[in-house]
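Listed here are the chains, written in short residue letters.
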Amino acid sequence: MSATSTPRRVIVASLIGTSLEWYDFFLYGSAAALVFGKLFFPQFEALTGTLLAFATYAVGFVARPLGGVIFGHFGDRVGRRNVLVVTLLLMGAATFAIGLVPSYAAIGVAAPILLVTLRFLQGLGLGGEWGGAVIMSVEHGGADRRGLNASWPQVGVPAGNLLAAGVLWVLNAVLPESAFLSWGWRIAFLLSGALVAVGLWIRLTVSESPLFAEVEKSGDTAKIPLVEVLRRHPRGLLVAMAARIGTDVAFYTFTLYVLTYITGTLGLPRSAGLAAVLIGSAFQLALIPAFGALSDRVGRRPVYAAGAAAAAGWAFAFFPLLDTGNRAVIVLAVVVALATHAAMYGPQAAFIVELFSTRLRYSGASMGYQIAGILGGALAPIVSIKLVQVTGSAFAVSAYVLAALLVTLIALWFAPETSRAGLRDEQPGTVTASG
C-alpha cells in the first residue's frame, strides 16, 4: 500500500476537507444570525429580517439531499475520490462569491436572490461531501476501528464551526459595528478561497477506496444507485433519516439559534454567544472521536441512545441557564449541550454507513443523512424563533428538541446493531461478520 492510501492519510484528508466545507456552511449560518437580516432584508423589522435570513439559510439544507443524490450517484458509479474534489471546489467557489454579493441597499431585491442562489450551491456541495468523506475513512480502515475512523470527518463539523465562529468573533472584536456590518463580515467568506486551495491539494494526494475498487473491478457497480437504494435498503434509509433528525435539531438549536436567543431575546452582545459556541466546539474536537471509539467497544446504538437521552434532558436546563445572563453559565450550558451532541455524532457516521452495501453506500448514506437535514437543521432555527415569538417562552423550544430526539430514540430501538457487520455484506447490519 502506498503512503498516499494509508488509513491515516485518508482520514487526515477527509478531516481537513470536511472542516473547510463545514466552515463555509456554518459561516453562512452565523452570518444569518448576526448580519444578513440587516443587510439583505432591511425593509423588515429586526426579528422578521432575521427569520428571513434563516429562511435563506434553510435553502442550503433543501439543496443537500439533491447534492447527495447527484454526487452519491457518481460516487457509486465512478468512485469516491474524484467526487470529493468536485464537492470541495463547488462549496468553496459559492462561499467566496457570497463575500462579493452587494447589499440590498446597493442592488435591491437582486441581493437576496443572489444570496439564495449561492446558498443553494453551497448545499449541493455539502450534500455530496459528507458521504464521500466518511466512506473513504471507513473503507480504507480496519473493521475494529470503523467508529473511530468515521468519527474523524465528523470532527470537521466542530472544527469548521470553530473556525467560522472564531473568524467572525475576531472580526467583530477588532472592528466597530458599522465596519463589521458594511464590509468586515465579507473577509470571512473571501478567506474560503485560500482555505479550499489547501484542502484541494490534500484531497488530490489520496487514492481511491479499495472496497469500491473491488466493486469496479468486478463490473458490479450500480447502474441507477438511487433506485437500487430504495429497493434494496428501504429500512436502512428510514433508520438513517429518523436517527439523524433529533441530532440535527439539537445541534442547530444549541449552536445557531442560541446566537439569536442571546442577542435578540436576552439583549446580550454577539460576543457572548460566539464565545460560548467557540468553547463548546473546542470540547467537541476531543469528544466526538472519543465517543466514536467507545462505539467500537460497546456498539453504536448504546452510545448514540445515551447521547440522545442526555440531550433531551439538557434541553430543559439549557434556556434557564442562558436566561441568567451570566457569561460563565452560558458557556457551561453550551459546552454540556455540545457534549451530549458529541455522544450522538461520534458513532453516527459509522452507524449510517454500515447500513448500506458497498455498491450503494455513497447514495444510501448521503440520502439518509441529507434528507433528514431538511426536517432537522433546516427548520430548527426557524421553528425555534416562531415558538418563542408565539409562546413567549423558550420552554416550547425545549419541548421541540425533546420531540425530535424521541424520533431518534425510536429509530435506534428498531435499528440493527451495525458495529460488527461486514462492509462487504449485501444486507449490512443484519449479520455478525467481522470483515
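Residues numbered from 1 in each chain as written. Predicted model: local features only at pLDDT ≥ 70, side-chain atom pairs only at ≥ 80, totals over all residues. Heavy atoms only, no water.

## Section: a nonpolar patch on the surface
Stage number 1. A cluster of nonpolar side chains, L66, I70, F74, V78 and F120, forms an exposed patch at the surface whose accessible area comes to about 400 Å².
Stage number 2. Secondary-structure assignment places I70 in helix α2 (residues 46-77).
Stage number 3. Assessed through its relative accessible area of 34%, I70 is described here as partly exposed. (Patch = residues over 30% accessible without salt bridge, like charges linked within 9 Å, V, L, I, M, F, W, Y side chains within 5 Å. Areas by Shrake-Rupley, 256 points an atom, 1.4 Å probe, with all protein chains shown as cover. Salt bridge = Lys/Arg side-chain N within 4 Å of Asp/Glu carboxyl O. Helix = DSSP H or I, 4+ residues; strand = E, 2+ residues; numbered from the N terminus. Buried < 20%, exposed > 50% of the residue type's maximum accessible area, 1.4 Å probe, protein only.)

## Points about the environment of S357
Stage number 1. Secondary-structure assignment places S357 in the loop between α14 (327-353) and α15 (361-378).
Stage number 2. As for S357 and L126, which are separated by 231 residues in sequence, their C-alpha atoms are 22 Å apart.

## Section: helix α5 (residues 110-140)
Stage number 1. Across its 31 residues, α5 extends 46 Å between first and last C-alpha, which sits within 8% of the 45 Å expected from 1.5 Å per residue.
Stage number 2. The buried fraction of α5 amounts to 24 of the 31 residues, a majority that puts the element mostly inside the structure. (Expected span 1.5 Å × (residues − 1).)

## As for the confidence of the model for the protein
Stage number 1. In this model, the protein carries an average pLDDT of 86, and 94% of its residues clear a pLDDT of 70 or more.
Stage number 2. Across the protein, element-level confidence peaks in helix α13 (residues 300-323) with a mean pLDDT of 97 and bottoms out in helix α1 (residues 7-40) with 79.
Stage number 3. Of the regions scoring below 50 in pLDDT, residues 430-435 engages in 15 contacts with residues more than four places distant in sequence or in other chains. (pLDDT = per-residue confidence, 0-100. Contact = heavy atoms within 4.5 Å.)

## Some remarks on helix α9 (residues 210-218)
Stage number 1. Three or more residues of α9 are buried, namely L211, F212 and V215. The arc that holds the buried residues of α9, viewed along the axis, is 100°, so those residues lie on one side.
Stage number 2. One side-chain oxygen of the residue at the start of α9 lies 3.3 Å from the amide nitrogen of L211, identifying that residue as S209.
Stage number 3. At the C-terminal side of α9, G219 shows a positive phi close to 75°. (Arc of directions from axis to C-beta. Polar contact = N/O pair within 3.5 Å; in protein donor to acceptor, adjacent residues only side chain to side chain.)

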